[in-house]
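So you can see what is in the structure, the chains are spelled out below.
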Amino acid sequence: APFPIELSGAVQRGFGRGGKDLGCPTANLPDESLPPISSVARTGVYYGFAQVSARKDGSKLLPDEDAKVMPMVMSLGWNPFYKNERLTAEVHIMHDFKSDFYGHDLKVIVLGYIRPELDYVSREALIQDIQTDIKVALNSLARPAYEKFKSDPLFIRSP
Ligand code: ADP
Ligand code: MG
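Looking up the protein chain in an unreviewed UniProt entry gives the name Riboflavin kinase, with the organism given as Jaapia argillacea MUCL 33604. In its Pathway (unreviewed entry) section, the UniProt entry covering the protein chain states "Cofactor biosynthesis; FMN biosynthesis; FMN from riboflavin (ATP route): step 1/1." Annotation of the protein chain in UniProt includes, under Sequence similarities (unreviewed entry), the sentence "Belongs to the flavokinase family."

Here is the structure:
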């Protein structure tokens, strides 16, 4: 796929499953933000950088430490584990946020592919793979060649 791929949109509410209860909340991008990636990339797990910014109405501003550009892993797919019916892009940001950020604008630069979607027989297997994905992503993103994407014009200048 032709990386980098840029996506942005207001964070949607999902089913509330598989995220916080797995210790791995995933922020859902809206359907209309997906064409840049759904048209060129296959389903699976990706890595890159993400930034959460203000809501459209300007309400509920984030504290500075939550508004930085941070590493992320993104799952693009039909979510076999949960038998989802639609293509979804779910972003887990490697950062401990002070609070939820539903409705906030989420900007994402997708820089690489980790693995295809797998059909999990157990929660334990899924959790284990997520932990591995996070390690792979952090290792890859540490490469000097990726540094420049942290200050990509897509992102709002970090506080
Ligand atoms: P949902 O089904 O609504 O997506 P989740 O359990 O997956 O529920 O939680 C996702 C929500 O958690 C995000 O929309 C966001 O508001 C919040 N959140 C808190 N910390 C993170 C994080 N590190 N990465 C992604 N989302 C997070
Ligand atoms: Mg989620």
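*Asks:* Please clarify how the overall build of the protein chain should be interpreted in this entry.
*Replies:* Summing up its helical and strand segments, the protein chain has 2 helices and 6 strands in all. Starting at the N terminus, the α and β elements of the protein chain follow one another as β-β-α-β-β-β-β-α. The C-alpha radius of gyration computed for the protein chain amounts to 15 Å, which stays within 12% of the reference 15 Å derived for 159 residues, consistent with globular compactness. Counting every position in the protein chain, which comprises 159 residues, the buried fraction comes to 26%. For the protein chain, restricting intrachain contacts to residue pairs at least 6 apart in sequence, the fraction spanning at least 24 positions comes to 77%.

*Asks:* For this particular structure, what's the right way to read the sheet that holds strand S1 (residues 5-10)?
*Replies:* Within a sheet, neighbouring strands are paired by backbone hydrogen bonds and run either parallel or antiparallel to one another. One open sheet holds the 6 strands; their spatial order is S1-S6-S3-S4-S5-S2, and the pairing between them is antiparallel. Whereas interior strands pair on both sides, the edge strands pair on one side only; in this sheet they are S1 and strand S2 (27-28). Where strand S4 (residues 70-77) lies against strand S5 (residues 88-93), 6 bridges are found, and the strand directions are antiparallel. When the bridges of S5 are listed, Gly 77 appears paired with Thr 88. Most of the contacts of helix H2 (residues 123-141) go to S4, to which it runs at about 125 degrees, and overall it touches strand S3 (44-55), S4 and strand S6 (104-115).

*Asks:* What should I look at first to understand the site of ligand 1 in this one?
*Replies:* Surveying the vicinity of ligand 1 reveals 18 residues, the closest of which are Gly 14, Gly 19, Pro 25, Ala 27 and Asp 100. Elements supplying a minimum of two residues to the shell around ligand 1: S2 and S5. Of the residues in the shell around ligand 1, the class split is 8 nonpolar, 7 polar and 3 charged.

*Asks:* What is the right way to read the nonpolar core from this model?
*Replies:* Considering soluble globular proteins, one finds that nonpolar side chains tend to be buried as a cluster. Formed by 27 residues in total, the largest nonpolar core has its most connected members in Met 72, Met 74, Val 91, Val 108 and Val 110. Secondary structure elements with two or more residues in this core: S3, S4, S5, S6 and H2. Sorting elements by how many residues they give to this core places S3 first, with 6 residues. Non-local contacts of Met 72, meaning those with residues more than four positions away in its chain, are made with Tyr 47, Gly 48, Phe 49, Ala 50, Val 91, His 92, Ile 93, Met 94 and Val 108.

*Asks:* Before we go on, may I ask you to explain the environment of Phe 149 in this structure?
*Replies:* Mapped onto the fold, Phe 149 is located in the segment after H2. C-beta crowding within 10 Å serves as the criterion here: with 19 such atoms nearby, Phe 149 is assigned to the partly exposed category. Counting along the chain gives 140 residues from Phe 149 to Gly 9, while the straight-line C-alpha distance between them is 19 Å. Those residues in contact with Phe 149 that lie beyond four places of it in its chain are Pro 4, Phe 49, Ile 109 and Leu 111.

*Asks:* Please clarify how the pairing of S6 should be interpreted in this entry.
*Replies:* In this sheet, S6 lies alongside S1 in antiparallel orientation, the contact comprising 6 bridges. The residue bridging Gly 9 from the neighbouring strand is Leu 106, located in S6.

*Asks:* What exactly am I supposed to notice about H2 here?
*Replies:* Counting along an α-helix, one turn takes 3.6 residues, and residues three or four places apart therefore face a common direction. In a regular helix each residue adds 1.5 Å, so 19 residues correspond to 27 Å; H2 covers 27 Å between its end C-alpha atoms and thus fits that length. Three or more residues of H2 are buried, namely Asp 133, Ala 137 and Leu 141. For H2, the angular spread of the buried residues around the axis is 50 degrees, confining them to a single face. Pointing more than 90 degrees away from the buried face of H2 are the exposed residues Glu 124, Gln 128, Gln 131, Lys 135 and Asn 139. Check the buried side of H2 and you find it contacts S3, S4 and S6.

*Asks:* Looking at this model, I keep getting lost on unusual backbone geometry. Mind explaining?
*Replies:* Here Phe 3 and Pro 4 are connected by a cis peptide whose omega angle stands at 0 degrees. Summarising the element assignment, Pro 4 is placed in the segment before S1.

What counts as what
Residues numbered from 1 in each chain as written. Chains lettered and ligands numbered in written order. Predicted model: local features only at pLDDT ≥ 70, side-chain atom pairs only at ≥ 80, totals over all residues. UniProt positions renumbered as here; feature names shortened; annotations may be inferred. Helix = DSSP H or I, 4+ residues; strand = E, 2+ residues; numbered from the N terminus. Rg over C-alpha atoms; globule rule 2.2 N^0.38 Å. Buried ≥ 20, exposed ≤ 12 C-beta atoms within 10 Å, placed from the backbone. Contact = placed C-beta atoms within 7 Å. Pairing = 2+ DSSP bridges. Axes fitted to C-alpha atoms, helices over the stretch in contact; angles between N-to-C directions. Near = placed C-beta within 6 Å. Nonpolar A, V, L, I, M, F, W, Y, C, P; charged D, E, K, R; others polar. Core = buried A, V, L, I, M, F, W, Y, C linked by C-beta atoms within 7 Å. Expected span 1.5 Å × (residues − 1). Arc of directions from axis to C-beta.

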